Amino acid sequence: MENKGKKFLINNIVPIVILIMIVMAIPISGLSGGYLVQEMISRLSRNSFLVLSLIIPVVAGMGLNFGIVLGAMAGQLGLIFITDWRIVGMEGILLAVIISLPIAVLLGILGGYILNKAKGREMITSIIMGFFINGVYQLIVLYGMGNIIPMTNKKIILSRGYGIRNAIDLKSIRQVLDKSMVVKVGEFTIPLLTILIIGALCLFIVWFRKTKLGQDMRAIGQDMEIAKSAGIAVEKTRILSIVISTVLASIGQIIFLQNIGTMNTYNSHEQIGMFSIAAILIGGATAAKASIPNALGGIVLFHLMFVISPRAGKELVGSAQIGEFFRVFISYGIIALTLVLHQWRREQENKAERKKMMDIQLSGGEK
Amino acid sequence: MKTIATRIGVVLAMILLGIFLFISGKEHAVFIENKGEKYTPKNAYYILDGKKEVKIKKKKKKREYLKGVNHTIEVRFKGADGIEKKVVKEFKTKMGKKITINVAMIENDSWMKIEELKSKK
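What this report covers is the structure whose coordinates are included nearby. (Residues numbered from 1 in each chain as written. Chains lettered and ligands numbered in written order. Predicted model: local features only at pLDDT ≥ 70, side-chain atom pairs only at ≥ 80, totals over all residues. Heavy atoms only, no water.)

1. Describing the overall build of chain A
Of regular secondary structure, chain A possesses 15 helices and 4 strands. Over its C-alpha atoms chain A spans a radius of gyration of 22 Å, differing by no more than 12% from the 21 Å that the globule rule assigns to 367 residues. With the C-alpha coordinates of chain A rotated into their principal frame, the extents come out at 85 × 55 × 35 Å. The buried share of chain A, reckoned over its 367 residues, is 50%. If you take every contact in chain A between residues at least 6 apart in sequence, the share linking residues at least 24 apart comes to 74%. (Helix = DSSP H or I, 4+ residues; strand = E, 2+ residues; numbered from the N terminus. Rg over C-alpha atoms; globule rule 2.2 N^0.38 Å. Buried < 20%, exposed > 50% of the residue type's maximum accessible area, 1.4 Å probe, protein only. Contact = heavy atoms within 4.5 Å.)

2. Brief notes about the interface of chain B and chain A
Facing 11 residues of chain B, the contacting portion of chain A comprises 12 residues. Between chain B and chain A, the buried area comes to about 1,100 Å², and carbon and sulfur atoms account for 66% of it. For the interface between chain B and chain A, the tally reads 1 salt bridge. Note that Glu 91 of chain A is salt-bridged to Lys 67 of chain B, the shortest N-O span being 2.8 Å. Looking at which element gives the most residues to the side of chain B that touches chain A, the answer is helix α1 (residues 2-25) of chain B, with 7 residues. Residues belonging to the side of chain B that touches chain A are distributed by class as follows: 4 nonpolar, 3 polar and 4 charged. (Buried area = accessible area lost by both parts, 1.4 Å probe. Salt bridge = Lys/Arg side-chain N within 4 Å of Asp/Glu carboxyl O. Nonpolar A, V, L, I, M, F, W, Y, C, P; charged D, E, K, R; others polar.)

3. Things to note about the packing of aromatic side chains
Tallying each qualifying case throughout the model produces 9 aromatic pairs over all chains. With a centroid separation of 4.8 Å and an interplanar angle of 40°, the aromatic rings of Phe 302 of chain A and Phe 306 of chain A are classed as tilted. A residue pair is termed a helical-turn pair when its members lie 3 or 4 positions apart in one helix, as Phe 302 of chain A and Phe 306 of chain A do in helix α14 (residues 292-317) at 4 residues. Judged by relative accessible area, which is 11%, Phe 306 of chain A ranks as buried. Measuring from ring centre to ring centre gives 6.4 Å for Phe 91 of chain B and Trp 111 of chain B, while their planes differ by 75°; the resulting arrangement is edge-to-face. You can see Phe 91 of chain B sitting in strand β6 (residues 84-92) and its partner Trp 111 of chain B sitting in the loop between β7 (97-102) and β8 (112-116), a full 20 residues away along the chain. (Phe/Tyr/Trp six-rings, centres within 6.5 Å; stacked < 30°, edge-to-face > 60°.)

4. Topic: the packing of helix α9 (residues 192-210) of chain A against helix α10 (residues 212-222) of chain A
Residue and element names in this part refer to chain A. α10 packs onto α9 with a crossing angle of 75° between their chain directions and a minimal axis gap of 4 Å. Looking at the two axes, α9 sits roughly perpendicular to α10. Packed against α9, whose contacting residues are Phe 208, Arg 209 and Lys 210, the element α10 presents Lys 212, Leu 213, Gly 214, Gln 215, Met 217 and Arg 218 at the interface. Per-class residue counts for the contact of α9 with α10 are 3 nonpolar, 2 polar and 4 charged. (Axes fitted to C-alpha atoms, helices over the stretch in contact; angles between N-to-C directions. Parallel < 35°, antiparallel > 145°, perpendicular 65-115°, else oblique.)

5. Considering the sheet that holds β8 of chain B
Residues and elements named next belong to chain B. Taken together, the 4 strands give an open sheet; going across it, the order is β4-β1-β7-β8, and neighbouring strands pair in mixed fashion. Since the sheet does not close on itself, it has two edges, and those belong to β4 (61-67) and β8, each with one partner. Direction aside, neighbouring strands of the sheet carry axes that sit 25° apart on average. The pairing of β7 with β8 spans 5 bridges and is antiparallel. By the bridge assignment for β8, Ile 99 is matched with Ile 114. (Pairing = 2+ DSSP bridges.)

6. A few points about the packing of helix α6 (residues 89-117) of chain A against helix α7 (residues 122-144) of chain A
A pair of packed helices is captured by two measures, namely the crossing angle of their axes and the spacing between those axes. Residue and element names in this part refer to chain A. Axis separation between α6 and α7 bottoms out at 10 Å; the angle between their running directions is 140°. Comparing the axis directions of α6 and α7 gives the class oblique. For the crossing formed where α6 meets α7, the hand is right-handed. Mapping the contact onto sequence places Leu 107, Leu 110, Gly 111, Ile 114 and Leu 115 in α6 and Glu 122, Thr 125, Ser 126, Met 129 and Ile 133 in α7. Looking at the contact of α6 with α7 residue by residue, the class counts come to 6 nonpolar, 3 polar and 1 charged. (Left-handed = near helix turned anticlockwise from the far one by under 90°.)

Have a look at this one:
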């Protein structure tokens, strides 16, 4: 019984620590329950798609896909094009998705191929790959657009005649998804369509895990060598997992930005990778195990902290800036803490395995 | 062979859907003016695609943005004889064309003017 409790505590140490911090910070912040619930509904609908896109690569044993930045870039390219062509409303969002799909697939294939060459170091490789592709993205957006790729909308082009402005107003698609089907429950506004889309993605993930491909991915995630000897095309399956994740991330970034209504051309994609990973880790996921409750629970915990900490910081030390620093420190600190805990847990498991083997050998020797 | 055919089919369907979304979601600027040749009402009111009613004063011009191709305009004004009139017209927007609707002449044939958009360069 004591062991069970200890195991539960070890397995859920990150969400428990965050939950304790949140429970302590809520009364200090002075924010009302109603406000927090509404904020969580809004933030769940904004971020869930992106965070859920991280699950499939974890199933395939590729760790947390910091490469979702690649998908986000593809989504942003779609949004730049629809803004330039002045495609508005739901059509604009769908067209942005259609434009971003092939780009996301290509980037996913490239990412998967590179990660196959760096087996065992997927996470750091995907971070660096994100930086590399970010350079290519900046070259295209800052120099190519308006120069090589024709652009007609002067509002998004820099005054020199080429390159995209630092911030693009997405008023043509602002909250189109969120406001197209709204349900009022008491004082709360629920963006039903966005929630339904997220629900569909959750169902897809549940269904996908049961398919042959999903089972193959799980087998690869558990042991690549055994999966290979069982006849599974390991490298191809790993590439597919990254492609799916990148495509989902591109759609997720479009959903995210339509909710925000403004796109930071050169920064939006960089932030989401780190924050999405922090969110799923806070939800109790590890680099080897992630589920839908981890993703959704993580978003709630992470964003609760996001909303509460600046106010709590302001109330405690009289400066909102301190709260902001606290928020950044927590998000990066959580990633580091979880990765350390994951490594520590793996070492403990290996140690226990070695001890077990030794005991078997010793008992065999005695006989 | 079947896989390749399916993939080509999916790509073609996506391209077709993209073209459809491009046409149906494209935003067009439409100019509404209230300036008749013989008679101009003091105030006219128009409703574009069933949205909210907008007032346009005598000899004024307004710019509106419309999504897609097929549209309707409902115009309400007092005629020269002092009787209130209400006219509903249908029109189409086209890419690269500038459309100006004259609400004062909505009953005439020349209520809509279509011009080529000037190059921005």
